[in-house]
Amino acid sequence: MRTARPLRVVLAEDSVLLREGLTGLLARFGHETVAAVGDAEALHTAVAEHTPDIVVTDVRMPPGFQDEGLRAAVALRERNPALPVLVLSQYVQRTYAADLLDSGDGTGIGYLLKDRVGRIEEFLDALIRVAEGGTVVDPEVVRQLLRRRRDPLAALTPREREVLALVAEGRSNAAIARALVVTEAAVGKHIGNILAKLDLPPAGDTHRRVLAVLAFLSS
């Protein structure tokens, strides 16, 4: 196992037992958990207060238990591209995982899956490597990210997929709004998000809608 100076760690994990367990594990190997928090808002606060050597965060945290931890990590890297971040999760959140790996200059980033960490030394080695500016990504994360790139609709939310399916049926924004019981403005916003996520540049709304439908039909 690699040796390094003691690290100051901010840990974000909603499970109290796992949070306490990781804190104890880090202390056992000489590292200090300067803050151990259970939600994304507290993670932002802790990083601003303590300026840690590395952040270790889960993906799913309160209040929505979706991707709050990972989105917080991406936002932290946007503010400070040099901040090392190690994601430790049961899940691969593909959209924001790609954003995290693309953040900064691509150094000081790790993404490990909890169930695939077979030895304590493996986790601690990854922690040190990321803190020193290295990149450590579980092969399963890589596999799922590559699969995402083959699926042009992977970045769309369930509602956006629903809207795109109705667009593919040839419905107008007004007809989609009636079908989903939302406003036309909401439909327009969803369609704008769809076109942006599919990387369809402005070239006339009709043309872009056709390309979006083709992406939908080919997925």
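We now turn to the structure provided with this report. Numbering of residues begins from 1 in every chain and follows the order in which that chain's sequence is written. Only residues with pLDDT of at least 70 are given local features in this predicted model, and only at 80 or more are side-chain atom pairs given and counted; all residues enter the totals for whole chains, interfaces and linings. Each side-chain value is derived from all of the structure's non-hydrogen atoms; neither hydrogens nor water enter the calculation.

**Re the packing of helix H8 (residues 173–180) against helix H9 (residues 184–197)**
Keep this limit in mind: Every axis corresponds to a line fitted to the C-alpha atoms, with the helix fit spanning only the stretch in contact, and the corresponding angles, defined between N-to-C directions, vary from 0 to 180 degrees. A run of DSSP states H or I qualifies as a helix once it reaches four residues; a run of E qualifies as a strand once it reaches two. Both are numbered from the N-terminal end. Here the word oblique covers every angle except those under 35 degrees (roughly parallel), over 145 (roughly antiparallel) and from 65 to 115 (roughly perpendicular). Any pair of residues with heavy atoms lying within 4.5 Å of one another is described as a contacting pair. Gly is put with the polar residues, along with every residue not named as nonpolar or charged; the nonpolar set is Ala, Val, Leu, Ile, Met, Phe, Trp, Tyr, Cys and Pro, and the charged set is Asp, Glu, Lys and Arg.
The interhelical angle for the contact between H8 and H9, taken along N-to-C directions, is 110 degrees, at an axis separation of 8 Å. Regarding the angle of H8 to H9, the classification is roughly perpendicular. Residues Asn 173, Ala 174, Ile 176 and Ala 177 of H8 lie in contact with H9, whose contacting residues are Glu 184, Val 187, Gly 188 and Ile 191. Classifying every residue of the contact of H8 with H9 by side-chain character gives five nonpolar, two polar and one charged.

**Description of the sheet that holds strand E5 (residues 109–113)**
The condition is simple: Pairing between strands requires that DSSP locate at least two bridges from one strand to the other.
Sheet architecture is open: six strands sit in the order E2-E1-E3-E4-E5-E6, paired in parallel fashion. What marks the edges here is a single partner per strand, and that holds for strand E2 (32–37) and strand E6 (135–137). Within the sheet, the average angular offset between the axes of one strand and its neighbour, ignoring direction, is 20 degrees. Bridge count between E5 and E6: three bridges; the pairing is parallel. Bridge pairing in E6 links Gly 110 to Val 136. Contacts from helix H3 (residues 68–79) reach strand E3 (54–57), strand E4 (85–89) and E5 within the one sheet, and its direction differs from that of E4 by about 175 degrees. Strands E3, E4, E5 and E6 of the sheet are contacted by helix H5 (residues 120–131), whose axis makes an angle of about 150 degrees with E4.

**Points about empty space enclosed by the protein**
Test applied: Definitions used throughout: a 1 Å grid over protein atoms alone; a cavity as a set of points that fits a 1.4 Å probe which cannot get out; a pocket as an open set with protein on both sides within 12 Å along at least five of seven lines; a lining residue as one with an atom within 4 Å of a point. Grid points are joined across faces, edges and corners, and a volume is the space filled by probe spheres set on the points.
Evaluated as defined, the whole model comprises one cavity of 30 Å³ or more. A volume near 40 Å³ is recorded for the largest cavity. In this structure, the largest cavity is lined by Leu 164, Val 167, Ile 191, Ile 194, Leu 195, Arg 209 and Ala 212. Listing elements by their share of the lining of the largest cavity, those giving two or more residues are helix H7 (158–168), H9 and helix H10 (205–218). Ranked by residue count, the leading element in the lining of the largest cavity is H9, at three residues. For the lining of the largest cavity, the per-class residue count stands at six nonpolar, no polar and one charged.

**With respect to the environment of Ser 103**
Counting through the fold element by element, Ser 103 comes out in the loop between helix H4 (94–102) and E5. Residues Ser 103 and Arg 77, spaced 26 residues apart in sequence, show a C-alpha to C-alpha distance of 6.3 Å. When near neighbours in sequence (up to four residues on either side) are disregarded, Ser 103 contacts Arg 77 and Ile 109.

**Here's the deal with the pairing of E2**
Definition in use: Here is how to tell: hold the view so the strands point away, follow the path from the first strand over the helix to the second, and if it runs clockwise the crossover is right-handed.
Pairing between strand E1 (residues 8–12) and E2: five bridges, direction parallel. Bridge pairing links Ala 12 to Val 37 in E2. The parallel pair E1 and E2 is bridged by helix H1 (residues 16–28), and the resulting crossover is right-handed.

**Looking at H9**
Our working rule: By this rule the span expected of a helix is its residue count minus one, scaled by 1.5 Å. Working definition: with a 1.4 Å probe on protein chains only, accessible area under 20% of the residue-type maximum means buried, over 50% means exposed, and in between means partly exposed. Taking the helix axis as origin, the arc is that swept by the directions to the C-beta atoms.
Counted at 1.5 Å a residue, the expected span for H9 with its 14 residues is 20 Å, and the 20 Å between its end C-alpha atoms agrees. Looking at H9, one finds that the buried residues are Val 187, Ile 191, Ile 194 and Leu 195. Projection of H9 onto a plane perpendicular to its axis shows the buried side chains occupying an angular sector of 95 degrees, all on one side. For H9, exposure combined with an orientation more than 90 degrees from the buried face picks out Ala 185, Lys 189 and Ala 196.

Bear in mind that shape data such as this cannot, by itself, settle questions of function.
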